[in-house]
Amino acid sequence: MVERRPWLDVFTHIVLLLSAVALLVPVWLALVAATQDVAGVNSVPIHWLPGGHLADNLAEAWRRGGFATRFTTSLIVAVGVTVGKIVLAMLAAFAIVFFSWRARVLVFWAIFITLMLPLEVRIVPTYAVAANALAPFQAILDATGLTGLIETVSGIHVALQWRLLNSYPGLILPLIATATGTFLYRQFFLTIPEELVEAAKMDGAGALRFLWDVLVPLSRTTMAALATIMFVYAWNQYLWPLLVTTEPERSTVMVELSRMVPRGDGLPEWNIVMAGALLAMLPPLAVVVLMQRWFVRGLVQTEK
Amino acid sequence: MAAIELAGVSKTYGTNAAVREVDLALPEGAFVVILGPSGCGKSTLLRMVAGLEAISAGELRIGGARMNEREPKDRGCAMVFQNYALYPHMSVAENIGYPLKVAGVSRTERQARVAELAAALELTPLLARRPGQLSGGQRQRVAIGRAMVRRPKVFLYDEPLSNLDAKLRVQMRLELRRLHERLGATSVLVTHDQQEAMTLADHLVVMNAGRVEQQGTPREVYARPASLFVAGFLGAPAMNLLPAEVLASGDTLRLADGTLLRLPEAVGHRGAVMLGIRPEHVEAGRLPATVEMVEDLGASVLVHARMPGGAALTLHSPADAAPARGEEIGLDLPPARLHLFDPASGVRLPLGRIPASQRAEDGLFVTSASL
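Along each chain, numbering runs from 1 in the same order as the chain's sequence is written. Numbering of ligands from 1 and lettering of chains from A proceed in the order in which they are written. Whole-chain, interface and lining totals are the exception, using all residues; otherwise, since this is a predicted model, local features are given only for residues with pLDDT of at least 70 and side-chain atom pairs are given and counted only at 80 or more. The basis for every side-chain value is the complete set of heavy atoms in the structure, and neither hydrogens nor water enter the calculation.

### Quick word on the packing of aromatic side chains
All names here are of chain A. Applied cut-off: Any two rings among Phe, Tyr and Trp, with Trp reduced to its six-membered ring, count as a pair given centres within 6.5 Å; such a pair is stacked if its planes are under 30 degrees apart, edge-to-face if over 60, and tilted if neither. Helix and strand definitions follow DSSP, with helices as H or I runs of at least four residues and strands as E runs of at least two, each counted in order from the N terminus. A 1.4 Å probe rolled over the protein chains alone gives each residue an accessible area, and that area as a share of the maximum for its type sets the label: buried under 20%, exposed over 50%, partly exposed in between.
Under the criterion given, the structure shown has 20 aromatic pairs over all chains. A ring pair is formed by F94 and F98, whose centres lie 5.6 Å apart and whose planes are at 50 degrees; its orientation type is tilted. Remark: F98 and F94 occur in helix α4 (residues 67-98); sequence separation between them is four residues, near one turn of the helix. When its relative accessible area of 6% is taken as the criterion, F94 is described as buried.

### Some words on the sheet that holds strand β5 (residues 65-66) of chain B
What holds strands together in a sheet is hydrogen bonding between their backbones, with the strands either parallel or antiparallel. Residue and element names in this part refer to chain B. As a reminder of what qualifies: Strand pairing is assigned whenever DSSP detects at least two bridges linking the two strands. What makes two residues a contact is simply this: any of their non-hydrogen atoms within 4.5 Å. Axes here refer to lines fitted to C-alpha atoms; in helices the fit is confined to the stretch in contact. Angles between the N-to-C directions go from 0 to 180 degrees.
Across the sheet, four strands lie side by side as β2-β1-β4-β5; this open sheet has antiparallel pairing. Looking at strand neighbours, the two that pair on one side only are β2 (16-27) and β5, the edges of this open sheet. Its contacts with the sheet put helix α1 (residues 42-50) on β1 (2-13), β2 and β4 (57-62), and the angle it makes with β1 is roughly 115 degrees.

### Examining the sheet that holds strand β16 (residues 300-306) of chain B
Residue and element names in this part refer to chain B. Strand order in the open sheet formed by four strands is β17-β16-β15-β18, with antiparallel pairing between adjacent strands. The sheet is open, and its two borders are formed by β17 (312-318) and β18 (328-332), each paired with just one other strand. Each neighbouring strand pair of the sheet contributes to a mean axis angle of 50 degrees, computed without reference to strand direction. Note: β16 against β17, seven bridges, orientation antiparallel. Within β17, the residue paired with V303 across the bridge is L315.

### A closer look at empty space enclosed by the protein
Going by this rule: Grid spacing is 1 Å over the protein atoms alone, the probe is 1.4 Å, and a cavity is where that probe fits but cannot get out, while a pocket is an open set with protein on both sides within 12 Å along at least five of seven lines and lining residues have an atom within 4 Å of a point. Grid points are joined across faces, edges and corners, and a volume is the space filled by probe spheres set on the points.
What the rule picks out here adds up to four cavities of 30 Å³ or more. Approximately 80 Å³ is the volume attributed to the largest cavity. Every residue along the wall of the largest cavity is listed here: A:A199, A:M202, A:D203, B:A78, B:M79, B:F81, B:R146, B:A147 and B:R150. Taken together, the elements giving at least two residues each to the lining of the largest cavity come down to α11 (194-202) of chain A together with β6 (77-80) and α4 (136-148) of chain B.

### Thoughts on helix α2 (residues 92-102) of chain B
Most of α2(B) sits inside the fold, with eight of its eleven residues counted as buried. Those residues of α2(B) that sit buried are B:V92, B:N95, B:I96, B:G97, B:Y98, B:P99, B:L100 and B:V102. On its buried side, α2(B) packs onto α12 (207-218) of chain A together with α3 (107-120) and α4 of chain B. Positive phi shows up at B:G104, right after α2(B), with a value of about 80 degrees.

### Describing the pattern of salt bridges
Opposite charge on two side chains makes pairing possible when the charged atoms of those side chains draw close. The following threshold applies: Whenever Lys or Arg places a side-chain nitrogen within 4 Å of a carboxyl oxygen from Asp or Glu, that contact is recorded as a salt bridge.
The tally for this structure, following the rule as stated, stands at 22 salt bridges over all chains. Residues A:E269 and A:R64 are paired through a salt bridge, measuring 2.7 Å at the closest nitrogen-oxygen approach. Here A:E269 is found in the loop between α15 (253-260) and α16 (270-300), whereas its partner A:R64 is found in helix α3 (residues 54-64), with 205 residues between them in sequence. Using a relative accessible area of 17% as the deciding quantity, one classes A:E269 as buried. Measuring nitrogen to oxygen at the nearest pair gives 3.7 Å for the salt bridge that ties B:K42 to B:E159. Of this pair, B:K42 sits in helix α1 while B:E159 sits in the loop between β7 (154-158) and α5 (166-183); the two residues are 117 residues apart in sequence, bridging distant segments of the chain. Accessibility assignment for this pair places B:K42 and B:E159 in one class, buried.

### Some thoughts on the packing of α4(A) against helix α10 (residues 179-190) of chain A
Residues and elements named next belong to chain A. Which entries qualify depends on this criterion: For this classification, under 35 degrees means roughly parallel, over 145 means roughly antiparallel, 65 to 115 means roughly perpendicular, and everything else is oblique. Left-handed describes a crossing whose near helix is turned anticlockwise from the far helix by less than a right angle; the clockwise case is right-handed. Residue polarity is assigned by list, with Asp, Glu, Lys and Arg as charged and Ala, Val, Leu, Ile, Met, Phe, Trp, Tyr, Cys and Pro as nonpolar; anything else, Gly included, falls into the polar class.
Viewed as axis vectors pointing N to C, α4 and α10 meet at an angle of 45 degrees, and their least axial separation amounts to 8 Å. It follows that α4 is oblique to α10 by the angle criterion. With respect to the hand of their crossing, α4 and α10 are arranged in right-handed fashion. Contact residues: I86, A89, M90, A92, A93, F94, I96, V97 and F98 in α4; G181, T182, Y185, R186, F189 and L190 in α10. By residue class, the composition of the contact of α4 with α10 is twelve nonpolar, two polar and one charged.

### Some points on the interface of chain A and chain B
Put simply, the test is: Defined in terms of a 1.4 Å probe, buried area is the accessible area two parts forfeit on being brought together, summed over both.
Taken residue by residue, the interface counts 15 residues in chain A and 24 residues in chain B. Between chain A and chain B the total buried area reaches about 1,800 Å² when both faces are included, carbon and sulfur atoms providing 61% of it. Of all residues in chain A, A:E195, A:M202 and A:D203 bury the most surface against chain B, accounting for 40% of the area lost on that side. Where chain A packs against chain B, one counts two salt bridges. Among the salt bridges present, the one from B:R47 reaches A:E198, with a minimum N-O distance of 2.6 Å. Per element, the largest residue contribution to the side of chain A that touches chain B is seven residues, and it comes from α11(A). Of the residues assigned to the side of chain A that touches chain B, the class counts are eight nonpolar, one polar and six charged.

Have a look at this one:
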């Protein structure tokens with residue numbers, strides 16, 4: 001449908017412009033604030049034009065936040081989560097689309113329902129598991145009386161313990177399960193013609209061979225789209241890293257950034273905080289810019 | 001020896017039977033065509049031979065060995081799909097070489113075999129291209145190449161020509177036949193196109209509703225259809241089928257309008273029958289009919305006529321002597337060319353062959369509705 005009404009054109013453009021302004025003004029303010037000194041950033045009315053202290057502020061933020069190690073931690077976590085999500089989503093969708101087994105529909109809906117259960121909702125049980133990843137097994141052993149049995153027989157008290165707090169697995173694993181990714185992959189796999197699957201069977205390729213030789217190369221654009229979304233998601237995680245990293249040395253960029261926010265009667269150095277925020281924005285920005293072309297293609301899927 | 005044997009092979013989906021108790025022995029080295037309307041189970045049958053569908057009941061033997069439980073790759077079959085099913089991200093060379101790569105053949109040998117095949121299929125200049133950059137006919141050849149590369153004993157084709165345009169289809173048909181003769185392997189092709197079936201087959205199998213209706217050489221099946229279904233399905237334009245009645249004497253037929261036809265010899269059946277005659281066998285004679293429509297086929301014309309009793313007949317007529325619409329013409333139904341079928345079961349009723357000398361008009365007489 002193509003509308004040919006000039007006033008509608010004007011209206012849509014106004015809406016678009018307003019939205020763009022609403023999105024860009026905070027970023028601009030952050031940029032401006034990062035270029036001021038302490039006096040400039042706290043002056044009333046606020047400055048709308050950049051000052052000359054950008055480099056100083058960036059260096060100070062980098063030093064004060066210990067960003068060299070924070071960035072490493074955050075990058076490892078974000079890349080780990082992204083890779084983990086892609087692998088898990090691809091394998092889950094592969095099982096759901098290409099194999100017929102009894103519980104297939106049930107499992108699919110179970111995954112689907114987890115869309116309604118983000119990490120924030122299940123944060124307490126997730127933390128309990130992270131504190132001791134083997135706790136559920138211990139509970140099963142206790143409930144079935146096996147713990148007591150083993151203790152009476154061998155004299156060994158079974159107390160399973162695997163702490164994930166302050167570790168990379170603890171930061172990464174709880175964020176890996178992804179209904180969105182599984183969904184995106186499922187949609188892509190459903191577009192693969194049945195004949196292609198059968199041709200691979202006739203050619204002697206097993207399931208994993210088919211996955212590796214055919215599905216992985218064909219899903220490169222889907223993978224890029226998913227990677228972009230998930231990298232940004234993982235990089236921006238705040239609540240979970242805050243909970244699971246009790247030692248400051250282990251915290252991520254986002255957690256560190258929140259610690260830099262001046263509290264109480266401290267010096268209100270918002271210029272440093274904003275410089276830190278600018279630094280924290282760079283990696284996601286780079287990923288989006290680099291992946292943009294692939295990203296759009298992966299979501300639109302015109303290339304077949 | 002039969003290359004492929006099916007004994008009581010069935011396929012059921014829940015309570016739905018797609019293929020019912022098919023017994024077939026497909027001769028070694030033959031070009032077998034399975035023909036049938038869509039939904040008759042012909043593709044399911046082929047896919048069971050390939051191993052892409054599980055066999056619900058019965059036994060499949062290839063080269064004498066039971067195949068029911070074997071994986072597709074272990075059956076010695078290669079398949080060409082309707083939509084070619086080429087891997088879109090691989091080049092032509094990679095596509096053809098893929099079965100060898102999976103089988104763990106070394107790179108140098110793979111390249112040698114791909115090059116050899118590409119030369120035979122005239123694909124050499126296209127080896128570096130992707131399937132998306134090829135025409136339909138070229139893709140078809142790549143698909144055939146991928147099937148050939150493992151040197152299978154059996155080639156399975158699932159409607160391979162139906163996505164090509166008419167001219168290319170005829171060309172590829174010839175190419176398939178030539179290829180078959182050169183390779184000497186058994187080929188099984190599934191199609192709903194009767195022309196394709198007639199021209200390609202050494203051995204024709206006609207299927208309907210999950211059952212084999214008839215099999216034999218295309219000539220046999222065309223000349224002596226075993227059932228009403230085969231009679232109506234094979235041949236374009238279709239065979240004329242007229243309701244008629246065998247009178248008590250057993251050698252006289254009465255058509256719906258009362259016209260009497262003498263059969264060359266008595267048949268055992270009495271009462272209602274279906275009388276069949278092919279359009280090309282209707283001759284000029286004394287049976288009155290009115291021309292309702294004339295279709296120009298180029299080489300000849302197809303005349304749609306109606307007999308006084310309301311029975312419709314189509315017949316071929318030379319293009320330069322075509323009757324006009326509404327014209328009264330005289331027809332003859334030569335007894336030697338008649339087919340009789342039981343209208344209830346559809347089974348062909350045996351009708352003795354008659355010597356050519358008797359094939360004249362005295363085999364038939366026309367009266368008005370009296371006896």
